[in-house]
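# Topology and contacts: notes
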Amino acid sequence: MNIQPNNQTVENCLKQRTYYIDFYQREYVWSKNIVNILLDDIFFTFELAYEEQKGKDISPEVLAKYNWYYLNIYITNSIDGKEYIVDGQQRLTTLTLIAIKLLHLSQQDNDFYKNLLDTLKDCIYGNDKFKGNIFWIDNEKRKRIMQHLIANEEFTENFDNVTEENIYNRFKDVAKIIDDKKMSREKLHAFIMYFLERLVLVELKIEKDDTPMVFEVINDRGVVLKPFEILKGKLVGALDKDDTEKYSKLWEDSINKLRGIEDDFFIDYLKGKFIYKRNADIEKSINNQYHRYIFETNDIANNLKLRRKDEHHIKNIKKFIEDDLTYHAELYSRIRKNKFIFLSYNKDINDLSGQYQNILAACLVNDKEEQVKIETIAQEIDRLYMLLRLNGIYNSNNYQEISYQLNNDLQNRQHNEYRQIFNEILTTRIKEARNLSEISSLLDYDRFKTRGYDNIDRRPLRYFFARVEKYICDNIGEEIKNNVHYISTKTGHKTGYHIEHIFSRNEENKKFFQKEEEFENQRNKLGALLLLFNMDNIISNNEKYYNGKRQTYSNGLVWGRTLIDTFYHKTNAKFLEFNQKFESISKIKFIQVEEYNADILEHRSKLLYAIVKQIWDINLK
């Protein structure tokens, strides 16, 4: 490979040179902080020289005494008469923004700066008699925003892409920094000359089209690029130049839907489609360097067939971008927003991010069942998670194994088969955990009634009662006081929900049980718990006996209010109607409670069990 180094001033680098942004380059993403650091460094070096030469007219000899400032390397690649930026567009773009600001300031005194105006303009854009202004860097994508900057106008439209938004915001940052310097016109004149002549870059021209290799080497030596950006270079870089524009656009259109979660997408996509069992080594490779792993020798790479050694690898790359990336990126962008309620329950409350892999695994390109698959999988995952919890057989490692198994089991299956798939997984786990050969349901009462405060983690416990609350409210036409997410996650002293033990620890309550050990065990069960808001939990704890707690319960969530006699007044007709229907299907009903004892605990436990059947369906059929 022939590389030709060439020292360049900013003027040489920008003036009347048309640059195309190569497909390897990301959007313009420099932050305010990076721009501030660059300008601070430039001004620091300039100020030192300016103080030494203060009072002298700027001439080539005087300017030569100003210390130069090195702006690093940029790499270009010439193909078919076009000059592409392989690396360095962030710096070149920022220098152009500085030039625009300096042009605006110069135009405020045309006579004084007359010798610099044309030079500054020539570093930013040229003029075509047919097309108007032509900006030197990536004119097609950036022309709209650059026109506004040149015209010094506010931009009131929606941004088309990240580059437009960042160019606009970074220009405002540049303008503020320079304006804050409050330079005299003589000092500004000196700074413009310093900017054009004493800021130095080294251009490396690559004569042959080996940019994919150069691009990855650039990243390895410390230029921070994300894996998805390198992957684009490897895939699109393998195509003929005639194809790069089309497939680069397809790639960008897809990736723009995934802002901030690009690498998450590729990791979840690869795991969803190709990983069916836990394997720490493979997981580590995918998590840390999937962009390399899929080009190495392994089962996933063998399936994708995107490597140069793979037969039809160019065709496979095109198909991957046109079909798999385009479809699944759109799908992923939608499901990650968690707008469907069970997607939100799973991720935002219970941190079950494996659902995204499962949905990607289940959906084929342009899947006609896509929406029903999303909703069914999310709801089945919620059911799976809670029944594992209520059976006392959940742990995070085992759940990961289940999640990977689902990647395999859900592929090439229709949504009406999902219930059976999830039931089989639950059945297998229950049998293995209890060493059983057969089970009659996915949650038996004897197992359920042992669950509670001492063996369910706090958030899933609050989630359990939040779902019970929502179930009752939905059936009696009452709006839930706070939504399920709030009830499950808010635990602040004044703004959150706290777990209440109905049986306070005192001698009077211990009399309901034969032994103190039994009392301690029973008071923690689900049937002996409530959720209370704010300070109500503390107020209730100060009451020794159930009768003193009733006023607090009567002002709380519906599940607690169903203990109180006033809730059964004839004016609460919708609840009474629901209670009657519930008894007809469950053979148990809500009752008011004058004294909370061991028998009432048993009744409330059975009542909760009946509600669980309605919410999470424990039937095997």
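The coordinates are above.
So, here is what we can say about the structure in this document. (Residues numbered from 1 in each chain as written. Predicted model: local features only at pLDDT ≥ 70, side-chain atom pairs only at ≥ 80, totals over all residues. Heavy atoms only, no water.)

### Structural notes on the layout of surface pockets
If you add up the space inside the largest pocket, you get close to 1,100 Å³. Lining the largest pocket are 38 residues, with Ile21, Asp138, Glu140, Lys141 and Glu245 sitting closest to its centre. Of all the secondary-structure elements, those providing two or more residues to the lining of the largest pocket are strand S2 (20-21), strand S4 (82-87), strand S6 (132-135), helix H6 (139-150) and helix H11 (241-255). The element that contributes the greatest number of residues to the lining of the largest pocket is H11, accounting for eight residues. (1 Å grid on protein atoms, 1.4 Å probe; cavity = no way out; pocket = protein on both sides within 12 Å on 5 of 7 lines; lining within 4 Å. Points joined across faces, edges and corners; volume = space filled by probe spheres on them. Helix = DSSP H or I, 4+ residues; strand = E, 2+ residues; numbered from the N terminus.)

### Some details on the packing of aromatic side chains
With the rule as written, the count across this model stands at 50 aromatic pairs. Measuring from ring centre to ring centre gives 6.3 Å for tyrosine 19 and tyrosine 74, while their planes differ by 80°; the resulting arrangement is edge-to-face. Placement of tyrosine 19 in the loop between helix H1 (10-14) and S2 and of tyrosine 74 in strand S3 (residues 69-79) is noted, with a sequence separation of 55 residues between them. Neither residue differs from the other here; tyrosine 19 and tyrosine 74 are each classed as buried. (Phe/Tyr/Trp six-rings, centres within 6.5 Å; stacked < 30°, edge-to-face > 60°. Buried < 20%, exposed > 50% of the residue type's maximum accessible area, 1.4 Å probe, protein only.)

### Notes on helix H4 (residues 89-106)
The terminal C-alpha atoms of H4 lie 25 Å apart, and with 18 residues this matches the ideal 26 Å at 1.5 Å per residue to within 8%. Among the 18 residues that make up H4, 18 are buried, leaving the element largely enclosed by the rest of the structure. (Expected span 1.5 Å × (residues − 1).)

### Thoughts on the side chain of asparagine 423
Relative to the elements of secondary structure, asparagine 423 occurs in helix H20 (residues 418-434). Among all residues touching asparagine 423, those that are not within four sequence positions of it are Arg383, Leu442, Asn619, Leu620 and Lys621. (Contact = heavy atoms within 4.5 Å.)

### What about empty space enclosed by the protein?
Counted according to the given criterion, the structure contains three cavities of 30 Å³ or more. As a volume, the largest cavity reaches approximately 80 Å³. Taken together, Phe465, Glu469, Leu530, Leu531, Leu532, Tyr553, Gly556, Leu557, Trp559 and Gly560 form the lining of the largest cavity. Looking at the lining of the largest cavity, the elements with two or more residues in it are helix H22 (458-476), strand S9 (529-533) and helix H28 (558-561). Tallying contributions element by element places S9 first for the lining of the largest cavity, with three residues. Size it by volume and the second largest cavity reaches roughly 60 Å³.

Treat this as a map of the structure, not an account of what it does.
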